[in-house]
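# What the coordinates show
So the chains spell out like this:
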Amino acid sequence: MGSSLLRLPYSGSVMLRSMNAAADIASAVRSGEGCAREIVAQALDRAEAVQKRTNAFITLARAEALVRAEVIDARREAGDPLGPLAGVPVVVKDNICTKGIRSTAGSRSLDTFIPPYTATVVKRLEAADAVVIAKSNLDEFGMGGSSESSLFGPVRNPWDLSKVPGGSSGGSAVAVATGVVPLALGTDTGGSVRQPAGFTGVIGFKPTYGRLSRYGVMAFASSLDQVGIMGRGARDLALALDAMAGHDPRDATSLQGNPPHFLEAVDSVRDLSGVRIGVVSELSGEGNSPSVSEALHRTREVLERLGAKVSDLSLPYVRYGVPSYYLVATAEASSNLARFDGMIYSARVGDNGEGQARVMMRARGEAFGPEVRRRILMGTYALSAGYYDAFYGKALKVRRLIATDFERAFACVDLLLTPTAPTVAFDLGEKVDDPLAMYLGDVCTCLANLVGLSAVSVPAGFAEGDLPCGVQFLSPPLQDERLVGLVAVLEREAGGGFAPLAPV
């Protein structure tokens, strides 16, 4: 790789020449063949161009990013060792705190919030010498499946600007799909990394619950939330996961012990000989569009060609996943967002002359969008006296039954296969006024969050309207590296990459 490649206009840079661009960029910057400042400046320029058509970003951190890139170049020139992500531009979802850079969660309640601290996952990426260039647009507080409920307007799918990019991490998905950055952080409470990854033709990985620290992540549903990563290649994912994983004493849910070595999994897994993969019957038939079913069938054929033993497998209780998920998630959202009352925390609407009760009512009524208000009300009702056992309590019992289903399944197979979503990307505005239809889009993805599994969405070709389509693989808890190794095998089988960059 010559240095001239890194000095061409962004459309001809190393970013667009490799599915594992983060690895190539870091290698070039460490060796002196590439200039971190030029790479970051190119990423920012492309972000501005993409923003005009997709609205993928809330804040572009140009000044901060360029200063950080210059420091990396100066350290290299001084002979200092650089990290494994040296000079790699990354995008961070706007519900993950970044010190000195506005972090809004897509909500009026936080539209001027500048955090005094940085989330652990971001701090660890920066310790590996990655450069945060932007905060991405999202469904408000991560509550949505289309990235349409943001205070800052909807995000558009770069493959078809009339379609949604999925949610809630739609802006992060667009950033990777259009080649602005090779890696982007999202959060995944019920599929918010994997579903937009499927809709935009990138890889979306949600690790085991507790694998990545949630310190500095704005809470939605604490027993379900997990930071996830989006990219276009297995090696890039592994670099980011190796940098971020590990216990964090600031997060009580953070896993103890040493995390797996993800790069080793990328290099060591060569095929799928003997790997047992179960196709979940309840999620692979009725309810999926014909193109999604076809993508699942194609994937099954590829797996068998690579030596995997693929069989159908029944998980009877997964049909109750969506209702149990939405009871648990909304109840926890009601609790987590109670502090957003306009008094000490959150934007204040009105003045003290109206009285405390009125100020709090206005803050919660006007600073939250309709979807967030809907979920808070649902959760508050589910937790209220006389209804707790009938709704929230029962949802927890069903959650346990679903977990038992998965335990039995993983006694028979190593991995599970499902669609990522029942359809490809749908029209902007199509489901905004039909929340039940929107919620049903989580039928496959919410299960990993309910049980705490590791899951990844992998591009599986294109479907109707030339829109990307994804399939999902799930592994038992604490076996995250198996999925990264699987992605590496599938990537090699696909000829070094899954999907081209989106045309925007």
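Our structure is the block above this text.
All of the points below concern the structure found in this document.

Conventions adopted
- Residues numbered from 1 in each chain as written.
- Predicted model: local features only at pLDDT ≥ 70, side-chain atom pairs only at ≥ 80, totals over all residues.
- Heavy atoms only, no water.
- Patch = residues over 30% accessible without salt bridge, like charges linked within 9 Å, V, L, I, M, F, W, Y side chains within 5 Å.
- Areas by Shrake-Rupley, 256 points an atom, 1.4 Å probe, with all protein chains shown as cover.
- Salt bridge = Lys/Arg side-chain N within 4 Å of Asp/Glu carboxyl O.
- Helix = DSSP H or I, 4+ residues; strand = E, 2+ residues; numbered from the N terminus.
- Phe/Tyr/Trp six-rings, centres within 6.5 Å; stacked < 30°, edge-to-face > 60°.
- Buried < 20%, exposed > 50% of the residue type's maximum accessible area, 1.4 Å probe, protein only.
- Lys NZ or Arg CZ within 6 Å of the ring centre and 35° of its normal.
- Pairing = 2+ DSSP bridges.
- Axes fitted to C-alpha atoms, helices over the stretch in contact; angles between N-to-C directions.
- Contact = heavy atoms within 4.5 Å.
- Right-handed = clockwise from strand over helix to strand, strands pointing away.

### Some thoughts on a nonpolar patch on the surface
A contiguous nonpolar surface patch, about 260 Å² in accessible area, is contributed by Tyr317, Tyr320 and Leu401. Of note, Leu401 is situated in helix α14 (residues 389-410).

### Description of the packing of aromatic side chains
Applying the stated criterion to the full structure yields 15 aromatic pairs. Aromatic pair Trp159 and Phe462: ring centres 5.1 Å apart, planes at 70 degrees, arrangement edge-to-face. One end of the pair, Trp159, is in the loop between β3 (131-136) and α5 (170-177); the other, Phe462, is in strand β10 (residues 454-463), and 303 residues separate them in sequence. Overall, the relative accessible area of 33% leaves Phe462 in the partly exposed class. Here the aromatic cluster, defined as three or more aromatic residues joined through ring pairs, consists of Phe141, Phe340, Tyr345 and Phe368. When the ring centre of Tyr215 is taken as reference, the NZ or CZ atom of Arg250 above it lies at 5.2 Å. Seen from the ring of Phe426, Lys431 lies directly overhead, with NZ or CZ sitting 4.3 Å from the centre.

### Overview of the sheet that holds strand β1 (residues 57-60)
Strands sit in the order β1-β3-β2-β4-β6-β5-β10-β11-β9-β7-β8 across an open sheet of 11 strands; the sheet is mixed. This sheet does not close on itself; its edge strands, each paired only once, are β1 and β8 (309-313). Pairwise comparison of adjacent strand axes, ignoring direction, gives a mean angle of 25 degrees for this sheet. Its contacts with the sheet place helix α2 (residues 36-54) against β1, β2 (89-93) and β3, and it is angled at close to 145 degrees to β1. Strand contacts of helix α4 (residues 120-127): β2, β3, β4 (183-187) and β6 (227-231), with the helix running at about 165 degrees to β4, the strand carrying the most contacts.

### Structural notes on the pairing of β2
Among the 5 residues of β2, 5 are classified as buried, and the element is accordingly described as predominantly covered. As paired elements, β2 and β3 share 5 bridges and run parallel to each other. Residue Val92 lies in a different strand from β3, and its bridge partner there is Lys135. Handedness of the crossover is the feature at issue here: the chain leaves β2, passes through α4, returns alongside β3, and the resulting connection is right-handed.

### With respect to the pattern of salt bridges
Under the criterion given, the structure shown has 20 salt bridges. Between Arg76 and Asp73 there is a salt bridge, with its nearest N and O atoms 3.2 Å apart. With Arg76 and Asp73 both in helix α3 (residues 62-77) and 3 residues apart, this pair spans about one turn of that helix. On the basis of relative accessible area, Asp73 is assigned to the buried category, the value being 6%.

Interpretation note: all reported values are geometric properties and have no functional meaning in isolation.
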